[in-house]
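Survey of secondary and tertiary structure
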Amino acid sequence: MATQQEVTPTAAPMVAASSALALVHYLQRHTEGDKTRLEQLLGLSLAQLDGPDQRVPAESYYRLWSYAEQLTGDPAVGLHAGETVDPESMGLVGHVFFNCDTLGDAISQYVRLHRLINETIALSFEQTEDQAILTWQPDSPDHYCRQDMDRTLASAITRTRHFIFPDFAVEWVELAHPRPEYADEYRRLFGGEVLFGATTTRVGFSSRHLSRPIPRRNPYVYSAVLKQVNTILARWQPQRSFSRKVRRLVAHQMATDRVNADSLAQQCHMSRQTLYRRLKREGVSFHELVEQVRKNKALRYVAGEQYSLGEIAFLLGFSELSAFSRAFKRWTGMAPAQFRAQHHHRDTRP
């Protein structure tokens, strides 16, 4: 692995070019999109999108989605583009996914490799006794793109039905955007209960599907593509490794003591100012990083039942429960008790 001195990270988060290519193909089929305008938005020629490890800036990609909605006049363009199965624009991670042994194996790889698809979104997976739950969490509110989230969910479900199990259906979906005018489209596509205005985007489905074999998997394709993907991942990971290291240290320190920039800098063998500067090079401030860690822990702890609300406040470094409740309401728009009750009801539904 390259040393820290050898790496010059870029602050701009990136998205796999295959995602942009799929949208470009959709627009070319359904509109008379201006090729020059598309290339201006992306900052790349359309021919460059074909590279197996080509990436585009997330901001450019999200602008492309705004343009797509404007060009098509279709506010549900994300759902409709996601319903299109386009093997030609499926990225390397997609080829890994659909050549795994089972759906459960595929989801494990999808979560592990997701940052290669979109650096602005963290994907996590949890399994209860009878449910499997996927959660998409943007690293900042500015990186939540309704159209792309629609496309992500629609594509995942449509491809699962096409390649694995035609009758696959989700039990429920939570979406972190307000109810749009095309809300009925979600129920038509997903088949389960749909909740809008949630704190995170989540999808729940029966865990019995996890053992379902992938019928047209090819172990030779899987091995070859996975090797290529792992090479790309190894080359990419050092560019974001410092902020991830600090996140882990913050999470550990938060559980044992008050988060302190000086002590964290000392653990990284550098001054506090160097710590701040290194984080800034990766596009995040120390305060933002601590706030993200605290918020993510809060959401996970409150949604579960392992700790009382008072214990959670203590674990996250709040002096009293009322201070934690105010912060939680600022993050989510609801009190911790209300959030816990809502998620307990959702996770235990028949």
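Going by the structure above, here's the rest.
Residues numbered from 1 in each chain as written. Predicted model: local features only at pLDDT ≥ 70, side-chain atom pairs only at ≥ 80, totals over all residues. Heavy atoms only, no water.

1. A look at the pattern of salt bridges
Put simply, the rule reads: Salt bridge, as applied in this entry: a Lys or Arg side-chain nitrogen positioned within 4 Å of an Asp or Glu carboxyl oxygen. Only DSSP runs of H or I reaching four residues or more are called helices, and only runs of E reaching two or more are called strands; each is numbered from the N terminus. Each residue is placed in one exposure class: buried if its accessible area under a 1.4 Å probe, protein chains only, is under 20% of its type's maximum, exposed if it is over 50%, and partly exposed if it falls in between.
For the structure on display, the rule yields 9 salt bridges. The partner of R188 in a salt bridge is E83, with the nearest N and O atoms 2.9 Å apart. In this pair, R188 sits in helix α8 (residues 184-190) while E83 sits in the loop between α4 (77-82) and α5 (92-97), placing the two residues 105 residues apart along the sequence. According to the relative accessible area criterion, E83 is partly exposed, its value standing at 27%. For R217, the salt bridge identified is with D101, shortest N-O distance 3.6 Å. Of this pair, R217 sits in the loop between β7 (201-206) and α9 (219-236) while D101 sits in the loop between α5 and α6 (103-117), and the two are 116 residues apart along the sequence. R217 gets classed as partly exposed once you look at its relative accessible area, which sits at 36%. Overlapping salt bridges, with partners in common, bring together E83, E185 and R188 in one network.

2. Comments concerning the sheet that holds strand β6 (residues 193-196)
The cut-off we apply is this: Each pair of strands is called paired provided DSSP finds at least two bridges between the two strands. To get an axis, a line is fitted to the C-alpha atoms, and for a helix only the part in contact is used. The angle between two axes follows their N-to-C directions and goes from 0 to 180 degrees.
Reading across from one edge, β3-β4-β7-β5-β6 is the order of the 5 strands in this open sheet, with mixed pairing throughout. Looking at the sheet topology across the chains shown, the edges are occupied by β3 (121-127) and β6. Across the sheet, the mean angle from the axis of one strand to that of its neighbour is 10 degrees, orientation sign disregarded. Strand direction decides the pairing type here: strand β4 (residues 131-138) and β7, joined by 6 bridges, are antiparallel.

3. As for the environment of M254
Going by this rule: Note on definitions: a residue-residue contact is assigned when non-hydrogen atoms from the two residues lie within 4.5 Å.
Structurally, M254 can be placed in helix α10 (residues 241-256). Separated by 40 residues in sequence, M254 and R294 have C-alpha atoms that sit 8.1 Å apart. Excluding residues within four positions of it along the chain, M254 makes contact with V259, V290, V293, R294, K297, L315 and L316.

4. Some details on the nonpolar core
Selection rule: Among buried residues, those of type Ala, Val, Leu, Ile, Met, Phe, Trp, Tyr and Cys that are joined through side-chain atoms within 4.5 Å constitute a nonpolar core.
Membership of the largest hydrophobic core comes to 73 residues, with the highest contact counts inside it found for L49, L64, W136, F190 and F205. For L64, the contacting residues outside a window of four places in its chain are A20, L23, V24, L38, L41 and L42. Grouped together as the second largest cluster of nonpolar side chains are 34 residues, L249, I312, L316 and A323 included.

5. Examining unusual backbone geometry
Positive phi, normally seen in glycine, also occurs at H269, with a value near 60 degrees. Mapped onto the elements, H269 comes out in the loop between α11 (261-267) and α12 (272-281). Here H269 falls in the exposed class, since its relative accessible area comes to 72%.

6. Some remarks on the pairing of β3
Here 7 bridges tie β3 to β4, and the two strands are oriented antiparallel to one another. In the strand pairing of β4, A122 is matched with Q137. Counting the residues that bridge the hairpin from β3 to β4 gives 3 residues.

7. Details of α6
Quick reminder of the rule: Working definition for bend: take the seven residues up to and ending at a residue and the seven starting at it, fit an axis to each, and measure the angle between the axes.
Within α6, the axis deviates most sharply at V111, by approximately 40 degrees. Every buried residue of α6 is accounted for by L103, G104, A106, I107, Q109, Y110, L113, H114, L116 and I117.

8. Topic: the side chain of Q137
Counting through the fold element by element, Q137 comes out in strand β4. Using a relative accessible area of 13% as the deciding quantity, one classes Q137 as buried.

9. A few points about the environment of S140
By the secondary structure assignment, S140 is in the loop between β4 and α7 (146-163). Along the backbone, S140 and Q292 are 152 residues apart, and their C-alpha atoms lie at a distance of 8.4 Å.

10. Side note on the packing of aromatic side chains
Aromatic ring pairs are defined here through the distance separating the ring centres and the angle between the ring planes. Cut-off, in case you're wondering: Only the six-membered ring of Trp is used, alongside the rings of Phe and Tyr, when aromatic pairs are assigned; centres must lie within 6.5 Å, and planes under 30 degrees apart are stacked while those over 60 apart are edge-to-face, with the rest tilted. Think of it as a cone above the ring: NZ of Lys or CZ of Arg counts as a charge over the ring if it is within 6 Å of the ring centre and within 35 degrees of the ring normal.
According to the stated counting rule, one finds 15 aromatic pairs in the structure shown. An aromatic cluster is defined as three or more aromatic residues linked by ring pairs; in this entry it consists of F318, F324, F328, W331 and F339. Over the ring of Y67 we find R37; its NZ or CZ atom is 5.7 Å from the centre of that ring. Between the NZ or CZ atom of R212 and the centre of the ring of F165, over which it lies, the distance is 3.6 Å.

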